[in-house]
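# Observations on chain architecture
Here are the chains, one letter per residue:
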Amino acid sequence: MNKAAKEKTINLLFILPAVALFSIFSLYPIIRTVQLSFYKWDGIATTMQFVGLLQYKDIIFHNPAFWKSMANAAYVTTLALTFQNGLALLLALLVSREIRGENIYRTIFFLPPVLSGIVVGLIWKWIYDGNYGILNHFLTGVGLSHFTNFAWLAEIKTSLTAVAVVHMWKGFGYGFIILLAGLQTIPKELYEAAKVDGADSWQQFKHITVPSMIPVFTVVAILTILGSMQIFDLLYSMTQGGPAGHTHVPITRIYQFMGNGEFGYSTAMSVIFGCLLLAVSFIQIEVSRRMNK
Amino acid sequence: MNDARLKNNLVNILTHVILIVIALSCVFPVFWMFSSSLKTQEEIFTKMNLLPEHWNWANYAIAWMKADFGKYFLNSLIYTFAGVFGVVFISSLAAYGFARLEMWGKNIFFYLLISTLLIPIPGVFVPLYLLLKKMGLLDTRTGLILCYISGGLAFGIFLLRSFFEDLPKEIEEAARIDGASKFGVYWRIALPLARPALATLVIFNCLSIWNEFLLALVILQDTAKMPIQRGLMVFQGTHITDYPLLMAGLTIATIPVLIVYLLMQKHIIKGIASGALKG
Amino acid sequence: MLRIVRLLIACALLVPFTSCSQNISRKADVVIWHWMTDRQAAFEKIAAQYEKETKVSVLFETYAPSEVYRDKVRAAATGKLLPEIFSTLGDKREVSSFINAGYIADLSADMQTGWKSHLFDKPLSQNTFPEGNEWKVKPGIYGVPIDVSAIMIYYNKDLFKQAGLDPKNPPQTWEAFLEAGRKLRAAGIQPFASGFSEGWLIGVFANSYAWNMLGEQGILDTIKGTIKYTDLRWLKVYQVFADMAKHDMFASGIATMVNKDAERTFATGKAAMALNGSWGVNVYFSMNPNLNYGVMMPPKMSLGEYPMRIFGGEGSSLNVNATSPNKDKAIAFLKWMTAKEQQIQLAQETKNIPSNQEAAGGLSDILKIFAQNIKNTFESLPVSESWQVNNVINTDMQAIIIGEKTIDQAAAEIQAEKMRQSGAK
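Residues numbered from 1 in each chain as written. Chains lettered and ligands numbered in written order. Predicted model: local features only at pLDDT ≥ 70, side-chain atom pairs only at ≥ 80, totals over all residues.

### Things to note about the overall build of chain C
- A tally of regular secondary structure across chain C gives 17 helices and 11 strands.
- A globule of 425 residues ought to have a C-alpha radius of gyration of about 22 Å, and chain C, at 24 Å, matches this closely.
- Expressed as lengths along the three principal axes of its C-alpha atoms, the size of chain C is roughly 70 × 55 × 55 Å.
- The buried share of chain C, taken over its 425 residues, is 51%. (Helix = DSSP H or I, 4+ residues; strand = E, 2+ residues; numbered from the N terminus. Rg over C-alpha atoms; globule rule 2.2 N^0.38 Å. Buried ≥ 20, exposed ≤ 12 C-beta atoms within 10 Å, placed from the backbone.)

### Some thoughts on the overall build of chain A
- Secondary structure assignment for chain A yields 13 helices and two strands.
- Projected onto its principal axes, the C-alpha positions of chain A cover 80 × 75 × 30 Å.
- Counting only residues that meet the buried cut, chain A has 47% of its 293 residues in that class.
- For chain A, restricting intrachain contacts to residue pairs at least 6 apart in sequence, the fraction spanning at least 24 positions comes to 70%. (Contact = placed C-beta atoms within 7 Å.)

### Description of the domain arrangement of chain A
- Its domain assignment divides chain A into domain 1 (1-27) and domain 2 (56-292).
- One C-alpha centre belongs to domain 1 of chain A, the other to domain 2 of chain A; they are set 35 Å apart. (Domains from an automatic or database assignment.)

### What about the pairing of strand E10 (residues 312-320) of chain C?
Residues and elements named next belong to chain C.
- Where burial is concerned, most of E10 is hidden: nine out of the nine residues are buried.
- By the bridge criterion, six bridges tie strand E6 (residues 144-156) to E10 in an arrangement that is antiparallel. When the bridges of E10 are listed, Asp-147 appears paired with Ser-316. (Pairing = 2+ DSSP bridges.)

### A few points about the environment of A:Arg106
- Structurally, the position occupied by A:Arg106 is in helix H4 (residues 102-109).
- What makes A:Arg106 buried here is the crowd of 23 C-beta atoms within 10 Å.
- Through-space distance from the C-alpha of A:Arg106 to that of A:Ser96 is 9.6 Å; in sequence the pair is 10 residues apart.
- Discounting residues that sit within four places of it in the chain, A:Arg106 has contacts with A:Val95, B:Gln265 and B:Ile269.

### Some remarks on helix H3 (residues 64-96) of chain A
- Compared with the 48 Å implied by 1.5 Å per residue over 33 residues, the 46 Å span of H3(A) between its first and last C-alpha is a close match.
- The sharpest bend along H3(A) measures roughly 35° and falls at A:Ala80. (Expected span 1.5 Å × (residues − 1). Bend = angle between axes of the 7 residues up to and from the residue.)

### With respect to the domain arrangement of chain C
All names here are of chain C.
- What the domain assignment reports for chain C is domain 1 (28-149 + 313-376) and domain 2 (150-311 + 383-424).
- The C-alpha-based centres of domain 1 and domain 2 are spaced at 29 Å.
- Tallying the contact residues gives 15 residues for domain 1 and 12 residues for domain 2.
- The set of elements that each furnish at least two residues to the side of domain 1 that touches domain 2 consists of helix H4 (92-100) and helix H15 (365-372).
- The element contributing the most residues to the side of domain 1 that touches domain 2 is H15, with four residues.

### Observations regarding the interface of chain B and chain C
- Each side of the interface is counted separately: chain B has 34 residues, and chain C has 38 residues.
- Looking at the side of chain B that touches chain C residue by residue, the class counts come to 19 nonpolar, 11 polar and four charged. (Nonpolar A, V, L, I, M, F, W, Y, C, P; charged D, E, K, R; others polar.)

### A short note on the interface of chain B and chain A
- Facing the 75 residues of chain B at the interface are 73 residues of chain A.
- Among the secondary structure elements, those contributing two or more residues to the side of chain B that touches chain A are helix H1 (2-37), helix H4 (69-100), helix H5 (106-118), helix H6 (125-135), helix H7 (141-166), helix H10 (195-211) and helix H13 (243-269) of chain B.
- Its residues assigned to classes, the side of chain B that touches chain A comprises 52 nonpolar, 18 polar and five charged.

### Some words on the packing of helix H11 (residues 259-267) of chain C against helix H12 (residues 280-287) of chain C
Residue and element names in this part refer to chain C.
- Running from N to C, H11 and H12 cross one another at 60°; their axes reach a closest spacing of 10 Å. Taken together, the axis directions place H11 and H12 in an arrangement best described as oblique. Handedness of the crossing formed by H11 with H12: right-handed. Across from Glu-263, Arg-264 and Ala-267 in H11, the residues of H12 making contact are Gly-280, Val-283, Tyr-284 and Met-287.
- Taken together, the residues that form the contact of H11 with H12 break down as four nonpolar, one polar and two charged. (Axes fitted to C-alpha atoms, helices over the stretch in contact; angles between N-to-C directions. Parallel < 35°, antiparallel > 145°, perpendicular 65-115°, else oblique. Left-handed = near helix turned anticlockwise from the far one by under 90°.)

### A look at the environment of A:Phe22
- Within the element layout of this structure, A:Phe22 appears in helix H1 (residues 2-36).
- Look at A:Phe22 and you get buried, because 25 C-beta atoms sit within 10 Å.
- Here the alpha-carbon distance between A:Phe22 and A:Glu286, two residues 264 residues apart in the chain, equals 24 Å.
- Among all residues touching A:Phe22, those that are not within four sequence positions of it are A:Leu27, B:Leu113, B:Ser150 and B:Leu153.

### Topic: H4(C)
Residues and elements named next belong to chain C.
- Most of H4 sits out of view: seven of its nine residues are buried.
- Lys-92, Glu-94, Val-95, Ser-96, Ser-97, Phe-98 and Ile-99 are the residues of H4 that are buried.
- Elements in contact with the buried residues of H4: helix H3 (66-78) and strand E4 (128-129).
- Downstream of H4 by one or two residues, Gly-102 has phi in the positive range, about 85°.

### Some points on the confidence of the model for chain C
All names here are of chain C.
- Per-residue pLDDT for chain C has a mean of 90; in total, 93% of the residues score no lower than 70.
- Per-element mean pLDDT across chain C ranges from 48 in helix H1 (residues 2-19) up to 97 in helix H7 (residues 157-162).
- Scored below 50 in pLDDT, residues 1-5 shows zero contacts in the model against residues more than four places distant or in partner chains.
- This stretch, residues 13-24, has a pLDDT under 50; its non-local contacts, to residues over four places away or in other chains, come to 18 contacts.
- Here the predicted complex carries an ipTM of 0.88, next to a pTM of 0.90. (pLDDT = per-residue confidence, 0-100.)

### Observations concerning the pairing of strand E9 (residues 293-296) of chain C
Residue and element names in this part refer to chain C.
- Alternating residues of E9 divide into Tyr-293 and Val-295, all buried, and Gly-294 and Met-296, none buried.
- As defined by bridge partners, E6 adjoins E9 across four bridges and the pair is classed as antiparallel. Looking at the pairing, Tyr-154 lines up with Val-295 of E9.

### Comments concerning the packing of H4(B) against H7(B)
Residues and elements named next belong to chain B.
- Contact geometry of H4 with H7 gives a least axis separation of 6 Å together with a crossing angle of 40°. Classified by the angle their axes make, H4 and H7 are oblique. When you trace H4 past H7, the crossing you get is right-handed.
- Residue composition of the contact of H4 with H7, grouped by class: 19 nonpolar, six polar and four charged.

### Comments concerning the environment of C:Gly195
Residues and elements named next belong to chain C.
- Topologically, Gly-195 is positioned in the loop between strand E7 (192-193) and helix H9 (199-224).
- Gly-195 sits in the buried class, given 25 other C-beta atoms within 10 Å.
- Distance from Gly-195 to Leu-275, taken between C-alpha atoms, is 8.0 Å for residues 80 residues apart in sequence.
- Gly-195 has contacts with Leu-201, Met-257, Val-258, Asn-259 and Ala-262, leaving out every residue within four places of it along the chain.

### Comments concerning unusual backbone geometry
- At the junction of A:Gly242 and A:Pro243, the peptide bond is cis and its omega measures out at 0° in the coordinates.
- Each neighbour pair has its own omega, and for C:Ala64 with C:Pro65 the value is -10°, a cis peptide bond.
- Among the secondary structure elements, C:Pro65 is positioned in the loop between strand E2 (58-62) and H3.
- Positive phi, close to 50°, is recorded for A:Gln240, a residue that is not glycine.
- Assessed through the 20 C-beta atoms surrounding it within 10 Å, A:Gln240 is described here as buried.
- Not every positive phi belongs to a glycine, and C:Leu89 is a case in point at roughly 60°.

Below, the structure written as structure tokens:
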């Protein structure tokens, strides 16, 4: 008993550097910021006014724009979870096969994440442009004349999806790499044994790959949720939340308030947003843990 | 037999078509960036040609000088190298602890760490700034690196823990019986086995630290300590963006990250050669 | 192998320690933070000259993008580490917050000694807090404009000719403007582009017509709440966007077009008109030196009782750190920087309008028109509308452009937000 307790204490040394650094440089500033969410403060003044939960109340009951932005982010996230991760998995599996040029493909698929957001924004705006865009050029070329002059980013129906497509294109490389790394940790013997038993590739995928990859899927899923719910840079460079506010997401709203002297209020928004993300992610972790058992 | 071969060929062709289409979409922007870096500003705007009329290689020299890359490049290398090393070492240590060892308050610590990964607070740089000032770390390389390491820990631990948990326990247990210390097992057995995950972590952190600029610009006062991103800003004026030089600068700034990726992806893929997923 | 790795770790951790540890040192007598990185070279030249003349060292540090610059200034303010000279890059409310916190020096006394008379009035009045201002700032002049700007409508003379319009006589009435749009469209030319994705620019255009329809008193009364945003005159302001949309005047995708894209659209002849600032002269030159264009005032509404006004005044202004021991040196430098010779030099190198009126003589023809119209810019008011209301106006004007909302719906929404904000106060 005593020995076990001592053991447990010594083992803490493994996490000590992480916990120490993290507490000072991440946790403490976050706690300080959360504290600000109970104050009305413009970010500059030397005095601030304690308002308790007033700002939370206002966000929850009187800020529909914020909740709409949440729905927008959820939409992008849903698309990313299905299409982006589907693509990442498909490509990881394809590249894991013995095919010609797999090395080149592996390098190329990680180019979008490496690429500067400036270049990505410029290129895709050019693709989507109503008058001179490649996309409309192509669509008109195949006979869909309906799309001449259609500004993909400025139409309510398409703007959010158009941004989501770019987001997914820029992001699938991350999932691709993690899944690729995950595939390597599956012991080869499992596949060989399955082959001896006469399992075809679909059965191997279903009974070996998927079960062994559940923890990795969880990591990728959570990363996707985080990355997509917090989508900002790309969106900001492509639509600035427009047209008429239809592509706003929580982070753009938070910045909007912060930039207009509502520092305290914007932190309250961050806290609410963060707590929701936390809840979603922990449900995700818990579900996959159950599945794994 | 013939049918099977035909089917196999069709699958192969289809595979390549999918891969090539996606690959083209990934390569084109790089090609465009490179091609634009050799054009003139006027040419970029008034002509739509894919290749430059004249290959102005001098743009690279001008961009390098104008952006003061000579000054900033080394800084960026230091921050990225130290930051990535710190993240990988400290988070792998902790992730191993969380995955394998019994300890007090394990779950609390773990969930606390992960929570901060999930709470994005755009205004957090203000308290961080004041904290660094109090600690005398403002305007220091150390302060910035510690922030980078701390910022990468949550994700690193989260990613690595799931990989460590996935590793077969038997080898580690055998080593323990042979008298290896816990740290020895971690260092000599768990780490090498988790190599694909470590390589992934290196790539991701390289990318994020190399491209980071908000913290660097806020925390550092002395321009001599600033990273390469500071140099790139010279081309993006409030009113005028110098696209050819910006593209040249971006091309230069992209190369190191690409090199890291090329070096690391070999480790991600080790062992695949024997064909783990033969169809 | 293991040893090498350990050695590398040690090196990685040691490198930063060897080179840190020095405190935040004084790099120059006067340090200036600015956000226009494209002016770094011109600034450095000025600084070198000054050091040669006076032995006072001046260091310009520019940071972009402007959001990052603003964050840096805020963090430095909370840490009490602002440089001698900086700009808040915020609106009047934000500047007032800096002043009330004691970070920005009152320059009124220095301004009285003849400094003021050389500078354009408008940008100066934007840096002035009058008696009884809503932010409770002690009346005074708190900033120095180093250049001025204005926003007007550029038009492409060649495209005008192509559409059968007279390039020498751009439309001056609203009806003529719409007619010009119709002709341009008929000739296959996009009539009008601007960075209407950036809320402020759409707000600038709306505001011009608010001044035209309501005048200063009307706008003040609206802010006070005695005139509603559903007033007939305000409906006319929203009508501007509905009319232009109805006549198909907007360039494709204008609702999500940032100004840099709009500038490219105009510079490459893909739109015949563009609402843009005087900095556009420099931008267009860099993109297409052969562009043949003129500038005009936004055309007046026939029902507009008041003179047309445009957005403008200060291009960028600088504030002096009240807590710096080198405050006087900083003020002396700003005085020198806004003197005629330096202003001529800066204006030439940055292709901008100088803040010193006496230096505005040698400007190009187009910039001269802008300089002459500085007097027609919006008056600086002692109160301002809340940003939330302005935000709803900007968003709803976009909604009108894309046909999502009618002007009545927009008016009702704007007024509802106004009520909400006055209730919150």
